[in-house]
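Single-letter residue listing:
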Amino acid sequence: LSYLLWETMPDDELLAAADAGELATDAQIEAQARRLLADNRARDTVRNFHRQWLYLDRVLDEDKVPEMFPMWGSQARASAKEETLQFIENTFFNGGTVEDLFTSNVAYIDPVMSELYDLPEPSEPWEEVELDPSERAGLLSRVAFLAGFAHEANGSPPLRGVFVMERILCEPRPSPPANADTSAPQADPERGPMTNRDLFEERVAPSACQGCHVRIDGFGFGFENYDAAGIFREVDNGLPVDATGFADGIGNDADYEGAVELQTLLGQSDVVRDCVVKQWFTYATGRPMEPADTCQVEAIQTEFAASGGNLIELLVGIVTRPEFRLRSPGEG
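Residues numbered from 1 in each chain as written. Predicted model: local features only at pLDDT ≥ 70, side-chain atom pairs only at ≥ 80, totals over all residues. Heavy atoms only, no water.

Asker: I tried to follow the pattern of salt bridges on my own but got confused; where do I start?
Answerer: Think of it this way: side chains of opposite charge can pair up when their charged atoms draw near. Counted by the stated rule, this structure contains 25 salt bridges. The shortest N-O distance in the salt bridge between Arg325 and Asp26 comes to 3.2 Å. Residue Arg325 is found in helix H16 (residues 322-325), and its partner Asp26 is found in helix H3 (residues 26-37); the two are separated by 299 residues along the sequence. The class of Arg325 is partly exposed, set by a relative accessible area of 35%. By relative accessible area, which is 41% here, Asp26 ends up partly exposed. Among the ionic pairs, Arg233 bridges to Glu224, the shortest N-O distance being 3.6 Å. Here Arg233 matches Glu224 in class, with each residue buried. Linked through salt bridges whose partners overlap, the residues forming this network are Arg43, Arg47, Glu82 and Glu89. (Salt bridge = Lys/Arg side-chain N within 4 Å of Asp/Glu carboxyl O. Helix = DSSP H or I, 4+ residues; strand = E, 2+ residues; numbered from the N terminus. Buried < 20%, exposed > 50% of the residue type's maximum accessible area, 1.4 Å probe, protein only.)

Given below as structure tokens:
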């Protein structure tokens with residue numbers, strides 16, 4: 001309990017409960033789990049899990065073309081990561097759900113993030129604000145994701161689309177052919193203006209690419225309203241942005257326009273909610289899922305759905321399972 005929920009050794013109260021045999025029933029374990037989750041030490045666990053699950057460190061290494069993005073630098077990278085973590089932490093511990101993670105437009109900004117989000121400078125270091133709901137809502141319209149999964153000069157629909165499939169839907173990462181060109185496509189000035197989407201659609205037009213990219217870019221093109229630094233735009237290279245797509249394989253498959261509509265679909269998806277369970281189960285057990293785990297994971301998923309996708313209830317559900325405290329011989 002302690003090493004999962006606090007990432008450190010038990011406190012005196014938990015040790016005393018163990019010594020007294022008061023961790024023998026589900027109710028006793030649940031009571032201690034809720035106590036630990038109410039402590040600020042649990043916040044570090046939630047931040048660390050999401051940092052790893054969502055690859056939030058990636059944005060720290062992303063460079064942008066200085067002439068195009070003069071505001072982008074080490075402070076912008078660090079602030080973007082921290083902004084997403086603060087959003088997750090506050091959503092989680094304010095009784096939030098999976099749907100809230102994908103649809104809430106609440107944000108916590110410092111002066112750097114206020115510039116990137118085109119908002120007035122905050123009066124305190126990290127101020128709670130609401131982002132324009134027509135432009136941004138949820139995890140995937142935050143700068144950390146958008147700038148982290150982009151090239152130096154423009155966004156990358158394949159990078160962003162693969163992220164959705166792999167991390168949000170729990171699907172294996174598609175493997176490109178050995179000879180695939182994964183560099184950012186470049187416009188030819190002699191051909192006239194083209195949008196970023198135009199360039200990527202042309203790149204993957206061959207039939208050999210379409211088998212994967214119809215699905216990948218069906219998600220990835222939904223983020224075309226955001227440039228390489230995650231700044232919202234309605235025009236790309238002088239042309240209107242096309243951010244339409246089709247969300248395929250999420251259980252409530254549908255056409256959508258833009259990242260806000262896409263995340264509404266993701267937030268309501270049973271597939272996404274079940275994937276969140278798998279991600280937390282893997283983190284809690286410290287190993288990949290195995291076929292023998294199917295029954296208990298499905299039981300956790302059923303309970304999680306019944307809770308409305310409440311994130312705290314998910315952790316309580318995991319730690320009260322007998323499999324969490326009973327390990328087979330040879331397990332760490």
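On we go from here.
Asker: Just to check I follow, could you spell out the environment of Phe163 for this structure?
Answerer: Tracing the sequence through the fold places Phe163 in helix H9 (residues 157-168). Exposure remark for Phe163: the relative accessible area of 3% places this residue in the buried category. A C-alpha to C-alpha distance of 8.8 Å links Phe163 and Gly220, two positions 57 residues apart in sequence. Sequence-distant contacts of Phe163, that is, excluding residues within four places in its chain, are made with Leu54, Tyr55, Leu140, Phe145, Phe149 and Ile168. (Contact = heavy atoms within 4.5 Å.)

Asker: Which parts of the structure should I look at to understand the side chain of Arg197?
Answerer: If you trace the backbone, Arg197 turns up in helix H10 (residues 196-203). Polar contacts involving the side chain of Arg197 include one to the main-chain carbonyl oxygen of Thr244, which spans 2.8 Å. In this structure, Arg197 is in contact with Phe221, Glu224, Asp242, Ala243 and Thr244, ignoring residues within four places of it in sequence. (Polar contact = N/O pair within 3.5 Å; in protein donor to acceptor, adjacent residues only side chain to side chain.)

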